[in-house]
Each structure stands twice: as C-alpha cells, then as structure tokens.
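Structural overview
If you want the building blocks of each chain, they are given just below.
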Amino acid sequence: MSHEEQLLFSAVDALLEQIAQDPLPPPAERKRLREAAGLSQDQVAKALKSRRESVGNWESGRSEPRPPKRAAYARLLEGLAARFAPEAPEAEESEPVAVAPEPAAADARPAAREGEAPATGPTAEPTTGPTAEPTTGSAIEPTTEPAIEPATAQTAEPAIEPRTPRFDHGPLAVVDVEGAEVSAYCVGGLVLDVPAKSLPALVEWALGEARLGAERLHPSGQDADPLLVLTEAACERFGLPVRLSREEGLAGRLPEDHKVLKQLARAEWKLTRRGFGPWARIYRPARGVRRSCVQLCVPAWNALDVRHWNGASQLPPAELVRLLGTYASRVMTPRGSTAVTGLELMTSLHPPTRASAPDADGRRHRERNPGSLGSEPVECAPCEAPDGHPLLADLPRFHQRGPAEMLFEEAYDWARPLTDDECLKRHLVGIDVNLAFGAAANGAVVGLEGPVHVSGPAFDPALPGSWLVDLSHVDPSHMVIGKQWRRLDGDLLPSPFTPKGDRPEGPAWYATPTVAYAVELGYEVAPVEAWVRPANGRYLDGWYKRLRDAYVATMADLGVDEGLAPDAFLAAMEGYRDRDPQLAVVLSAIKATVKGGIGKLRERPRGGGWRPGKPWPALSRPTWRPDIRAAVISRARINMHRKMVRLAAATGQYPVAVLSDCAVYASDGPSPLDFLPYRDGKPLPGGFRLGVSPGMVKHEGSQTTLWAEAVREEYGPELNLARYIKDGAVTAKDDGE
C-alpha cells in the first residue's frame, strides 16, 4: 500500500470511528446537566480519571472525550438527563410590530443572510480563494476562549492574534504527562487530550487533529509549522532521554542509531541536517503546496537559553505555553534560538520567491520576490569576509589583516578617565538606548544582490557598500552640528569611526553610513576604491516594525506606555519586570531576537571539523550577509555619537564610558533627569530622549563616583564603567567580552 493510500484510509477510518462513537449532547447541555446536578468539574474529572481542564474543554466544545472515557461520559450525561430534563420555555406575548412598506423595485437588493450585514453597494463579482482544509472529527464550533488569569490585578493579558480554523488551537503546545494522561497545553487555556503512543504518532497528531500552526506573515510565504514543546515527563513517555549525555551534548543531537530515530525512519519521517537536538524539525518531502513538518523543542536539553529565556524551562506547562504563545503571536513561532528566529523572521516577512503572473498557457512560475534577498547566496566582498573565509584562503597562515584590508564595523567599547570636574560630581548615571540595533535597521538601505567593485569612485551616500577611504583628517573637536561649525573638546569624545573610539590613522574600510557621517560633520571624502551594491532597498523595515510593535506592546502590558512624560516614564520603569515575570521573559527574548538576528547575518563557523579557508554551512544561506550587519552596526554607532555630540554642544557634558547602546555620564544626582536637558518638558532636539520607543533611552543604572574610582583602582584605569553601571558588580578584570 502506498503512503498516499495509507493517509486516505486513515482519514476514512477516523470518520467511521466518529460515527460509531457514543452520542453526546451539545456542549452547552453538558454543562447545564452537570450544574443542575450540583457537580463540580473536579468531581466529574475524578470519576472519569481525567483532568478538570479536559472536562471544561468538553463543555465548551473545544475538544471531545476519547474512548473509553467517551462511553463513560455519555453514560453519566444520559443518567443526568433522565433526572434533570430541561424546562420548557414559557411563551412570551409579543407586541404587534408595524410592517414597513416594501421598497420600490429599483431599490430592491438581495436580502442579507442571518448574521451578515446587508449589501450597501453594487453586487460584488464572486471571487475564488483558498478553501478550508477538510478535517476529521466534528465540525468546529466558534467559541470564546477564556482569558488566562493575569499575574497581578493590574496586568492585562497580552492579546493573541486571531487564528484561522485550520490553526484554531494556536501556534504551539506544551506536551506533558501526568499519570497515564498525555495532555497538550495550548494558548488561551485550552488543554487537549493527546492519543499518541509514540513520537511518530505524536507528529501525525500535531499535523492533523491538534489544529496547530500559524498563518504566514507574507502572502508569498509559508504558514508556520506546529511547535511541540516536550516536558521531561513527555520525553520519558515518548522514549527520549530527559538529559543528553556528555557526548550527545557536545554533538548537539541524538545518535543516528537511537530507537526513536529508527521509529521516525520506519514511519517515513526525516530530520533536517541539524538532526534530533534541542530544536528538531521532523518532516516529509512536500506533496503539492502543503508541507508536512513539525518542530520539537526540548527545554530539558537547554533549548531555551537561560540568557534570553530566564527560567522559562522551569515553568509549569500552562505558564510556559502562555509565555511562548505571547512571543509567537507578537514575533513568530520560535524556530530555534532567538538569533535563529530573528533571522527566520527576515525571510518570513520577505520570502525569496513568489508566483509569477500567468504565462501564455495560463501557468504560473516561481520568480524572485522584489525586495527580497533571493533564494541563492551571494559572495561577499573580500574586505567584508571574516577571518577564515574561503576568499582569504591564499593569505599566509598567521597574517593579521589591518583596517586597510578588512571592514571592521562594530559597536562602541570606549572609556576614558574622569576629569577633575567630573570627580567632583557625586554620581555616574547610565542611559541605555531601547532596541538600538532595531532602530538602526529602520530605514537602512542595504544591498539585495552581490557587490560590484569600483576604483576611484565618487562617494554616494545613497549607495550601500564598503568604501576604502582615509578619514584621519576629520577633527573630532571641530565639526558641523545643526548646520553650524562648532568647537568641542575632542579628547572627551570617542571617534565615530572606530569601535574603540580611536582616531583613524590612514585609509580604512567603512560601511556607507560611517562615510556619510563624515560628510555630515562637514568634511570631504575621497574613496580609493569601493564594493557597492546598485541593487538595493529597505529590506529590514518590516522586520523592525514587527519587533518594534512586539517590544512596545509587551512594555505596555508591563505598565510602561508610549507618550509618558519623562518623570512618569522613570516612575513606570521602577520594578516593571516584577509586575509580570513571564512577560518580562518575553521582553528579554524580543530584545535578544533583535540583536541575535543582526548577529546571524555574519554567522561564524562552529565545530564540525571546520578548517580556515574552507566553507561552513552558513555561507550557503542567502541571509549570510556581513555587509548588512556592518551597515546596521555602523548606523547604531553613528546614532549614538550624533546624540552625544548634540548633548556636548548644548550643555558641555561628555560621556565617560560607552558600551554598545549604553552611555555613562557624571551627574550631580542619580537620575537621568539630573543631567539630560529638558525645557518645558521637551528634550534637546536630536539628543537623548527618555521614553519606551526604540531609539529613545531608559535609565540603565547609577553608581557613585567613589565606586568608579575604587573599581578602576582595583581592576585598572581602562575598565569600561558602562559594563557594570547597572548593579555595580565587577566579577573579573575587564577583558572586553
């Protein structure tokens, strides 16, 4: 029997089984009978050896009991119906209703169906669209999902996006086992009974009866595959180890001869190249337009990195699914680490291909989606290649490339000694830019195709690429600010052109935003050569908007809204993470998705016997684009410098340390309002501004000036105070990591 015949026979068997099952009254009648008898859901669940949540789902119509519980439940309801028959409704007298005259024939329109709005314009032409997928089992009744209890009385439950019937139970489920019962906890408080006895059967269930998944984010994209999160008890139930052995942990996967992998192979399921690890993808080759793919997440195997999902793996199933469900609805269904998800979000919002217009024969073909990165990888420029790249295979083994050979666009890591005047101030105050790399991605024009080499080019700020140019003549103490030349103390500011803040000493490779900033500061530039990308666009705008909305919505759920006055914003930020610890974890994951997604654009080789000069797997991705990463980081660093210069020109205050998106200033008081200039509630134009939106700043932390002098005396004068301003704890000598 072929695989297709097996699927058809299974569907027919499911229909026959449904017909043969014991009849049950409608969901509302089940609840009425139980309440009429004075029974609680716990009592019914105990009698049927089930869960209270399952009984609630049966009464709401979200799920149906399975044999042998179905027969026992039907017997209970039958007995209750014999004793508590519904009362006949009393006839109500109705007042006579005046009958309106019929409209004239010219104004007559087809009557609207019950529940539909009447037509108000010309009759629309019938349209064809995708039809609903046939499902086995009873028809889906529209229901209203009960809201999960918020963590505190003041915390509103995060909104979940509407779902189509095919994905009626949400994007993911946490599978757990209690006693002999296997349950799947879904978003909105829904708990499903899981009939699967093996992992292959669990995968089949997830793709069918479970109704899990999420709608595509772009018309030309693909729907998100169902995600099953397996608890430790579920791992044991389906034959998986609760913990990976040392060898398995180093390999990041189960061995090929593991019994569960053999079960999957016998059922004709395949694994991706990553194998069966903490994040596993199980699939069958696509037949037609529908994919058969399920993701598995095993928190006990460190699938949820504690740095970004702090303590999430230890949560009970109902709380874990709320956390992951909120992230999935606001960002996307997790596809692995937050970094992997950030990269996948780019592709989901800009799919590489789309269906073409019909040709002469009426057929559509796959074509490149405008504005995307395409479906094939592109070669980077030699200056953009990281060490070990195949383009550099001919370099001597221990050759160290300098600024004139490689593009080195990184975030700030700069600090300086305090001046005498700054030592007289009592505090150091750190401010942190919200989603700095996300804000830098917004509006960034990046290359969509491969680079073109140009010798002696005229600089074009609208052309993305890498430029070899000498910027050593740019004087950090004399620059144009607001269309006027201004004098500043250049020794108290980092250079905008290097991550360490050092002034350039000769020609070096820079991304377009860095060179454009030199022009903005009032200086001419004369590139020697360049690698430019004539085909370009604002590829990251949709990605930024999605993550920006996710961040702002989550902050609002934590009690920090947009548009707050500076003092109200600082007050709202006090203890905001404690208002709902689960949403605070979601917030951390969103921020890690932004930073990790940008970092993945230049993923380095990891293990696997790789040798310098040889390709590694990430190079085969169209999204391996070190030039885009460089452009975003360049914009983030320039944005930070621009604000610091504005503040220095207006107030004479200079940063004492900068680390990526955090700047530290000496202040008479411990609050950002003690040094940030606000006039009539309005911030300095073009400077730092307190608020929740990306690009605005929040209070990172404050320490005393005495603390700064003490830690620098102990750990060295080069210690970057911005790294420790949050809590003041310095655990080791500053090594720049």
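Source: prediction; values computed, not measured. (Residues numbered from 1 in each chain as written. Predicted model: local features only at pLDDT ≥ 70, side-chain atom pairs only at ≥ 80, totals over all residues. Heavy atoms only, no water.)

This paragraph deals with the overall build of the chain. Within the chain one finds 19 helices and 24 strands. Expressed as a percentage of its 737 residues, the buried residues of the chain come to 46%. Once local pairs closer than 6 in sequence are excluded, the contacts in the chain between residues at least 24 apart make up 70%. For the chain, the exposed area adds up to about 38100 Å²; of that, 52% sits on carbon and sulfur atoms. (Helix = DSSP H or I, 4+ residues; strand = E, 2+ residues; numbered from the N terminus. Buried < 20%, exposed > 50% of the residue type's maximum accessible area, 1.4 Å probe, protein only. Contact = heavy atoms within 4.5 Å. Areas by Shrake-Rupley, 256 points an atom, 1.4 Å probe, with all protein chains shown as cover.)

One open sheet holds the five strands; their spatial order is β10-β20-β21-β11-β24, and the pairing between them is antiparallel. With one partner strand each, in any of the chains shown, β10 (413-415) and β24 (697-704) form the two edges of the open sheet. Averaged over neighbouring strand pairs, the angle between their axes works out to 20° when direction is ignored. With three bridges connecting them, β10 and strand β20 (residues 657-659) associate as antiparallel partners. Residue pairing in the sheet places Trp 414 in a bridge with Val 658 of β20. (Pairing = 2+ DSSP bridges. Axes fitted to C-alpha atoms, helices over the stretch in contact; angles between N-to-C directions.)

Inside soluble globular proteins, nonpolar side chains tend to come together where they are buried. Among the nonpolar cores identified, the biggest contains 106 residues, and Trp 309, Leu 488, Trp 543 and Phe 688 are the most heavily contacted of them. Looking at which element gives the most residues to this core, the answer is helix α18 (residues 626-651), with 11 residues. If near-sequence neighbours (up to four positions away) are discounted, Trp 543 is found in contact with Gly 342, Leu 345, Met 346, Leu 349, Ala 441, Thr 593, Val 594, Gly 597 and Ile 598. Listed in part, the 37 residues of the second largest apolar core include Val 182, Leu 202, Ala 234 and Phe 238. (Core = buried A, V, L, I, M, F, W, Y, C linked by side-chain atoms within 4.5 Å.)

Our next topic: the pattern of salt bridges. One pass over the structure, following the stated rule, counts 40 salt bridges. Notably, a salt bridge pairs Glu 181 with Lys 69, separated by 2.6 Å at the nearest N-O pair. On the criterion of sequence distance, the pair formed by Glu 181 in strand β2 (residues 181-186) and Lys 69 in helix α5 (residues 69-83) is long-range, its members being 112 residues apart. Pair check on accessibility: Glu 181 and Lys 69 agree, each one buried. As a salt-bridge pair, Arg 307 and Asp 305 come within 2.5 Å of each other at their nearest N and O atoms. Since its relative accessible area comes to 65%, Arg 307 is described here as exposed. Relative accessible area serves as the criterion here: at 25%, Asp 305 is assigned to the partly exposed category. (Salt bridge = Lys/Arg side-chain N within 4 Å of Asp/Glu carboxyl O.)

Our next topic: the confidence of the model for the chain. When pLDDT is averaged along the chain, the result is 86, and 85% of the positions lie at 70 or above. Note on residues 89-156: pLDDT is under 50 here. Beyond four places in sequence and across chains, it has 40 contacts. The model gives residues 733-737 a pLDDT under 50, and that stretch makes 10 contacts with residues more than four places away or in other chains. (pLDDT = per-residue confidence, 0-100.)

Between two aromatic rings, the relevant description is the distance of the centres plus the angle of the planes. Under the defined criterion, the tally for this structure stands at 10 aromatic pairs. Consider the rings of Phe 459 and Trp 467, whose centres lie 4.9 Å apart with planes at 70°: the pair is edge-to-face. When the centroid spacing of 5.6 Å and the interplanar angle of 80° are considered together, the rings of Trp 485 and Tyr 523 count as edge-to-face. One end of the pair, Trp 485, is in strand β16 (residues 484-487); the other, Tyr 523, is in the loop between α14 (512-520) and β18 (529-532), with 38 residues separating them in the sequence. Residue class for Trp 485 comes out partly exposed when judged on its relative accessible area of 44%. What links up through ring pairs into an aromatic cluster is the set Trp 610, Trp 616 and Trp 624. The ring centre of Trp 269 lies 3.8 Å from the NZ or CZ of Arg 284, which sits over that ring. (Phe/Tyr/Trp six-rings, centres within 6.5 Å; stacked < 30°, edge-to-face > 60°. Lys NZ or Arg CZ within 6 Å of the ring centre and 35° of its normal.)

Let us look at unusual backbone geometry. In most cases, non-glycine residues show a negative phi, while peptide bonds are predominantly trans. You will see that Arg 211, though not glycine, has its phi angle at about 55°, which is positive. Along the polypeptide, Arg 211 turns up in the loop between α6 (199-207) and β4 (227-230). You can call Arg 211 buried: its relative accessible area is 15%. Phi is positive for Lys 483, close to 70°, though the residue is something other than glycine. Position of Lys 483 among the secondary structure elements: in the loop between β15 (478-481) and β16. On the basis of relative accessibility, which here comes to 83%, the residue Lys 483 falls in the exposed class.

Contact geometry of helix α10 (residues 317-330) with helix α17 (residues 581-600) gives a least axis separation of 9 Å together with a crossing angle of 40°. By the criterion of interaxial angle, the relationship of α10 to α17 is oblique. Between α10 and α17 lies a crossing whose hand is right-handed. The residues of α17 that touch α10, namely those facing Glu 319, Arg 322, Leu 323, Thr 326 and Tyr 327, are Gln 582, Leu 583, Val 585, Val 586, Ala 589, Ile 590 and Thr 593. For the contact of α10 with α17, the class distribution of residues is seven nonpolar, three polar and two charged. (Parallel < 35°, antiparallel > 145°, perpendicular 65-115°, else oblique. Left-handed = near helix turned anticlockwise from the far one by under 90°. Nonpolar A, V, L, I, M, F, W, Y, C, P; charged D, E, K, R; others polar.)

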